Amino acid sequence: MSSSRTGRPPVQRAARRPVVPRPPRENPLRTLVIRARRAWDRPLTAYYVVLGGSLLITVLGLVMVYSASQITALQMSLPGSYFFRKQLLAAVIGAVLLLVASRMPVKLHRALAYPILAGAVFLMALVQVPGIGVAVNGNQNWLALGGSFQLQPSEFGKLALVLWGADLLARKQDKRLLTQWKHMLVPLVPAAFMLLGLIMLGGDMGTAIILTAILFGLLWLAGAPTRLFAGVLAVAALLGAILIRTSENRMARLACLGATEPQTGPVDCWQAVHGIYALASGGIFGSGLGASLEKWGELPEAHTDFIFAVTGEELGLAGTLSVLALFAALGYAGIRVAGRTEDPFVRYAAGGVTTWITAQAVINIGAVLGLLPIAGVPLPLFSYGGSALLPTMFAIGLLIAFAREDPAARMALAMRQPRFGKKRIRGSQRPRRWNTMRRRAPGARSSGER
């Protein structure tokens with residue numbers, strides 16, 4: 001054994017470890033996108049987005065109604081919280097309707113389609129009876145309920161068309177009749193035109209536009225051929241052009257597009273221009289809640305059709321973008337509910353509700369921004385008006401019920417809500433994911449055909 005000169009054994013050096021290359025650093029933005037996609041693909045994401053988004057819009061709308069309506073109430077010799085209290089009452093009743101609709105089975109929703117349609121048609125016809133119907137801002141589409149409460153039946157016509165049209169198309173799809181154009185159009189289009197005629201008798205073209213959007217949404221979901229779809233669209237556009245051309249009020253609204261001064265010749269664009277003024281003076285973070293100047297008699301309908309302008313003035317660009325983000329999330333969640341189901345009724349009803357809320361929000365916000373003519377439609381869940389809030393919250397309850405009906409969502413809810421000390425797991429099959437809402441499910445199981 002060899003040793004060193006000092007007599008000590010030589011020191012054995014440890015072998016060098018191989019150099020392991022460090023893993024490359026992940027892009028934080030890409031990681032965030034991947035996590036967001038995983039979170040969005042969870043079974044209960046659409047359920048929570050619809051529920052949370054609608055409640056946030058409603059609560060923020062209550063705050064803005066209180067802020068925007070105080071001056072109007074005082075000018076009418078009413079308490080400053082008058083409109084807020086009425087809207088709060090409607091929100092409470094709407095929350096009950098939302099809860100009831102979200103807990104109702106799909107079969108019961110289908111069973112209610114015909115009674116709701118019959119009731120809406122009766123009330124809309126009752127509006128035109130002299131002495132019963134009430135005219136507001138030149139449109140006779142209200143019913144007096146006693147005291148200061150009024151009802152606008154045309155708002156319930158939207159819900160009726162969604163439920164009845166979805167049930168009709170689902171029954172025809174189960175019988176494989178949607179391949180024939182006459183079964184796709186009849187009786188859906190004649191019934192929709194009947195509702196449109198009752199609405200236009202009162203002069204409310206804004207609601208008629210929303211009803212037309214729902215009709216086109218249902219036809220698109222049913223897979224209407226391009227020629228048929230274009231034909232119905234051309235007829236609707238021709239009728240709309242005639243109705244606009246024959247009305248001085250509607251022509252004046254069309255002439256106010258892009259106006260920057262309150263007076264542009266013979267047309268008075270006061271409301272459109274002051275809506276732009278309100279948005280422009282808000283800046284990034286706004287002038288502060290309750291500090292709007294335009295609501296002091298300068299901006300008409302500040303708490304109804306133009307509440308988005310007051311929101312921009314008081315909460316600024318940050319507030320308006322937050323409202324837009326909430327509506328975008330709500331619309332995307334509705335598309336997800338409609339696209340992932342195998343039940344044709346659920347697909348048509350969810351798509352119809354999503355079309356209704358999205359189209360109405362786009363028309364209202366577009367009018368406030370000066371990009372579209374002022375149609376006189378409220379911002380869903382946000383503007384003042386109990387007649388518009390109640391059916392909209394019931395429709396949100398529909399979306400929540402449909403989101404709960406997804407097999408994966410039912411399994412996740414059963415695992416989070418154990419009964420009798422045991423976790424109940426139902427529906428082990430993974431739901432089929434559709435690439436488009438227009439794709440049909442020929443083997444779909446009916447949810448209670450009438």
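Below is a summary of the structure that appears in this document.

1. Here we look at the overall build of the chain
A count of helical and extended segments in the chain gives 16 helices and five strands. By sequence separation, contacts in the chain at least 24 residues apart represent 70% of the contacts at least 6 residues apart. About 23,800 Å² of surface is accessible on the chain, with carbon and sulfur atoms providing 63% of the total.

2. Notes on helix H2 (residues 45–75)
An ideal rise of 1.5 Å per residue puts 45 Å on 31 residues; H2 measures up with 45 Å between its terminal C-alpha atoms. The largest bend in H2 comes to about 45 degrees, at Ser69.

3. Details of the environment of Phe83
Mapped onto the elements of the fold, Phe83 is located in helix H3 (residues 82–103). Overall, the relative accessible area of 8% leaves Phe83 in the buried class. Between the C-alpha atom of Phe83 and that of Tyr66, which follows or precedes it by 17 residues, the distance is 7.1 Å. Beyond its immediate stretch of four places on either side in the chain, Phe83 contacts Val65, Ser69, Thr72, Ala73, Met76, His303 and Tyr384.

4. Focus: the pattern of salt bridges
Side-chain pairs of opposite charge can arise where the charged atoms are in close proximity. One pass over the full model with this rule turns up four salt bridges. A salt bridge links Arg110 to Asp167; the shortest N-O distance between them is 2.8 Å. Of this pair, Arg110 sits in helix H4 (residues 106–111) while Asp167 sits in helix H6 (residues 153–174), and the two are 57 residues apart along the sequence. As far as the burial class goes, Arg110 and Asp167 line up, both buried. Here Arg171 and Asp167 are joined by a salt bridge, their closest N and O atoms 3.1 Å apart. In this pair, Arg171 and Asp167 are both assigned in helix H6, four residues apart and thus about one turn of the helix distant. Here the salt bridges do not stand alone but share partners, grouping Arg110, Asp167 and Arg171 into one network.

5. Description of the pairing of strand E1 (residues 133–136)
As judged from the four bridges shared by E1 and strand E2 (residues 139–146), these two strands associate in the antiparallel manner. Residue pairing for E2: Val134 is matched across the bridge by Trp142. Hairpin connection of E1 to E2: two residues between the antiparallel strands, including Asn137 at a positive phi of 55 degrees.

6. So, the state of the cysteines
Applying the stated criterion to the full structure yields one disulfide. Through a disulfide, Cys256 is tied to Cys269; the S-S separation comes to 2.1 Å. On the S-S bond that ties Cys256 to Cys269, the torsion sits near -90 degrees, and the link is left-handed. Taken together, the residues Cys256 in the loop between helix H11 (248–255) and strand E4 (263–264) and Cys269 in the loop between strand E5 (267–268) and helix H12 (270–280) connect sequence positions 13 residues apart. There is no split in this pair, since Cys256 and Cys269 are both buried.

7. Description of the sheet that holds E1
As summarised here, the arrangement of the three strands in space is E1-E2-E3, forming an open sheet in which the pairing is antiparallel. The open sheet is flanked by E1 and strand E3 (149–151), the only strands paired with a single partner. Looking at each pair of strands side by side, their axes are set apart by 55 degrees on average, direction ignored.

8. Things to note about the nonpolar core
The tendency in soluble globular proteins is for nonpolar side chains to be buried as a group. In this structure, Leu188, Leu219, Phe345, Tyr348, Leu379, Ile396 and Phe402 are the most contacted members of the largest nonpolar core, which totals 110 residues. Sorting elements by how many residues they give to this core places helix H14 (residues 344–368) first, with 13 residues.

9. Notes on the packing of aromatic side chains
What the rule picks out here adds up to six aromatic pairs. Pairing Tyr47 with Tyr48 gives two aromatic rings, centres 5.2 Å apart and planes at 65 degrees, and the pair type is edge-to-face. Note on Phe345 and Phe402: the rings are 6.2 Å apart at their centroids and 85 degrees apart in plane angle, and the pair reads as edge-to-face. With Phe345 in helix H14 and Phe402 in helix H15 (residues 386–405), the pair connects residues that are 57 residues apart, well separated along the chain.

10. Description of the packing of H3 against H15
The geometry of H3 relative to H15 is characterised by a closest axis approach of 7 Å and an angle of 25 degrees between their N-to-C directions. Looking at the two axes, H3 sits roughly parallel to H15. Between H3 and H15 the crossing geometry is right-handed. The residues of H15 that touch H3, namely those facing Gln87, Ala90, Ala91, Ile93, Gly94, Ala95, Leu97, Leu98, Ala101, Ser102 and Arg103, are Gly386, Leu389, Leu390, Met393, Phe394, Ile396, Gly397, Leu398, Ile400, Ala401 and Arg404. A per-class count over the contact of H3 with H15 returns 15 nonpolar, five polar and two charged.

11. Digging into unusual backbone geometry
Following Val186, the chain continues to Pro187 via a peptide bond in cis, the omega torsion being 5 degrees. Tracing the sequence through the fold places Pro187 in the loop between helix H7 (181–185) and helix H8 (188–201). At Arg176, a position not held by glycine, the phi torsion is positive, near 55 degrees. Tracing the sequence through the fold places Arg176 in the loop between H6 and H7. The residue Leu381 is not glycine, and still its phi comes out positive at about 65 degrees.

12. Remarks on the environment of Ala412
Here Ala412 is to be found in helix H16 (residues 407–416). Residues Ala412 and Arg42, spaced 370 residues apart in sequence, show a C-alpha to C-alpha distance of 9.4 Å.

13. As for helix H9 (residues 205–221)
Taking 1.5 Å per residue, 17 residues should reach 24 Å; H9 reaches 24 Å between its end C-alpha atoms and fits that length. Counting buried positions along H9 yields 15 of 17 residues, so the element is predominantly enclosed. Sitting at the head of H9, Asp204 places a side-chain oxygen 3.5 Å from the backbone nitrogen of Gly206. Phi turns positive, to about 80 degrees, at Gly223, one or two residues after H9.

14. A short note on the side chain of Arg336
Looking at where Arg336 falls in the secondary structure, it is placed in helix H13 (residues 307–340). Look at Arg336 and you get buried, because its relative accessible area is 8%. Those residues in contact with Arg336 that sit more than four places away from it in its chain are Trp40, Asp41, Arg42, Pro43, Thr45 and Ala46.

About the cut-offs
- Residues numbered from 1 in each chain as written.
- Predicted model: local features only at pLDDT ≥ 70, side-chain atom pairs only at ≥ 80, totals over all residues.
- Heavy atoms only, no water.
- Helix = DSSP H or I, 4+ residues; strand = E, 2+ residues; numbered from the N terminus.
- Contact = heavy atoms within 4.5 Å.
- Areas by Shrake-Rupley, 256 points an atom, 1.4 Å probe, with all protein chains shown as cover.
- Expected span 1.5 Å × (residues − 1).
- Bend = angle between axes of the 7 residues up to and from the residue.
- Buried < 20%, exposed > 50% of the residue type's maximum accessible area, 1.4 Å probe, protein only.
- Salt bridge = Lys/Arg side-chain N within 4 Å of Asp/Glu carboxyl O.
- Pairing = 2+ DSSP bridges.
- Disulfide = S-S within 2.5 Å.
- Axes fitted to C-alpha atoms, helices over the stretch in contact; angles between N-to-C directions.
- Core = buried A, V, L, I, M, F, W, Y, C linked by side-chain atoms within 4.5 Å.
- Phe/Tyr/Trp six-rings, centres within 6.5 Å; stacked < 30°, edge-to-face > 60°.
- Parallel < 35°, antiparallel > 145°, perpendicular 65-115°, else oblique.
- Left-handed = near helix turned anticlockwise from the far one by under 90°.
- Nonpolar A, V, L, I, M, F, W, Y, C, P; charged D, E, K, R; others polar.
- Polar contact = N/O pair within 3.5 Å; in protein donor to acceptor, adjacent residues only side chain to side chain.

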